[in-house]
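Now for the letters of each chain:
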Amino acid sequence: MDVTWLGHSAVKLQGSKTIYIDPFLTGNPAACCGPEAITGADLVIVTHDHGDHLGDAFPICKKTGATIVTIHEIAVMAEAEGIPTEGMNIGGTVESKGVLIHMVQALHSAGKGDPAGVVIELDGKTIYHAGDTGLTYDMKLVKEFFAPDLSFIPIGDRYTMGINSAAKAVEFCGTKKVIPVHYNTFPIITVDPEAFKAKVGDTAEVIILKPGESYSF
Ligand code: NI
Ligand code: MN
């Protein structure tokens, strides 16, 4: 499986299926590419209704025919625009196109619907995208139920965890590998990912990517 950080919280998972999560590209100063670079997708997953996560999700679904998997209230908006949808809510699991998506707790706010994280099972690998969240003991349930192979964890502070709580989140969720996201997009969420890596220490392998870079595992 290849994972690509597109910048901010936007990631691409490329296995037997092509999945985009939180594809905020238009207006994202850290984005590696614009939405025109996306030519095919099976699923688009949106963690919550904030512009820096919903982003280009609807146009990408319309262009590619991808199904959007997201919290009920966003799914209702997408359905009204004729987009194939799998609405769900926290605690639930959906299977779409052979991919399992579990929706988990996130401690944050959102426009329509609640904020969430997602755990995705694709090609025998388990991937946790925490969305935007503060540190929460609920992450221990992610460890107990899913023990992720790889996680995307926000570290940029102010709107999400900073490096200290993000390092604790790595311990709580029991992930083997972690890619920090949601930092250095804007000046107000500037942090040093190397300081995060140092905090995590031996708890997990920290993979620091530049927007546009991929990691295979
Ligand atoms: Ni947010
Ligand atoms: Mn955000």
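Computed from a predicted structure; not experimentally measured.

Asks: I tried to follow the coordination of the nickel ion (ligand 1) on my own but got confused; where do I start?
Replies: In ideal tetrahedral geometry, four donors around a metal make angles of 109.5 degrees, whereas ideal octahedral geometry with six donors gives angles of 90 or 180 degrees. Protein coordination at the nickel ion (ligand 1): the donors are H48 (NE2), H50 (ND1), H108 (NE2) and D132 (OD), at 2.2 to 2.3 Å from the metal. Given 4 donor atoms and angles of 91 to 170 degrees at the metal, the environment of the nickel ion (ligand 1) is assigned as irregular. We note that the donor set of the nickel ion (ligand 1) lies within a single chain, spaced as H-x1-H-x57-H-x23-D. Separating the nickel ion (ligand 1) from the manganese ion (ligand 2) is a distance of 3.3 Å, and D132 supplies a donor atom to each of them.

Asks: Quick question: what am I supposed to make of the sheet that holds strand 1 (residues 2-7) here?
Replies: The 7 strands lie next to each other as 6-5-4-3-2-1-14, forming an open sheet whose pairing is mixed. The open sheet has two edge strands with one neighbour each: strand 6 (85-88) and strand 14 (214-216). Averaged over all adjacent pairs, the angle separating strand axes in this sheet is 15 degrees, with direction ignored. Bridge count for strand 1 against strand 14 is 3 bridges, and the pairing is antiparallel. Across the sheet, V3 pairs through a bridge with Y215, a residue of strand 14.

Asks: Explain the pattern of salt bridges here, please?
Replies: When the charged atoms of two side chains with opposite charge come close together, those side chains can pair. A complete count under the given rule lists 4 salt bridges for this structure. With its nearest N and O atoms 2.5 Å apart, the salt bridge here joins K62 to E81. Of this pair, K62 sits in helix 2 (residues 57-64) while E81 sits in the loop between helix 3 (72-80) and strand 6, and the two are 19 residues apart along the sequence. A salt bridge links K168 to E171, with the shortest nitrogen-to-oxygen separation between them at 3.1 Å. Residue K168 and its partner E171 are located together in helix 5 (residues 163-173), separated by 3 residues, close to a single helical turn. Residue K168 is classed as partly exposed on the basis of its relative accessible area of 34%.

What counts, and where the lines are drawn
Residues numbered from 1 in each chain as written. Chains lettered and ligands numbered in written order. Predicted model: local features only at pLDDT ≥ 70, side-chain atom pairs only at ≥ 80, totals over all residues. Heavy atoms only, no water. Donors = N, O, S within 2.8 Å, 3.2 Å for Na, K, Ca; no water. Tetrahedral: all angles 85-135°; square planar, octahedral: opposite > 155°, others 65-115°. Pairing = 2+ DSSP bridges. Helix = DSSP H or I, 4+ residues; strand = E, 2+ residues; numbered from the N terminus. Axes fitted to C-alpha atoms, helices over the stretch in contact; angles between N-to-C directions. Salt bridge = Lys/Arg side-chain N within 4 Å of Asp/Glu carboxyl O. Buried < 20%, exposed > 50% of the residue type's maximum accessible area, 1.4 Å probe, protein only.

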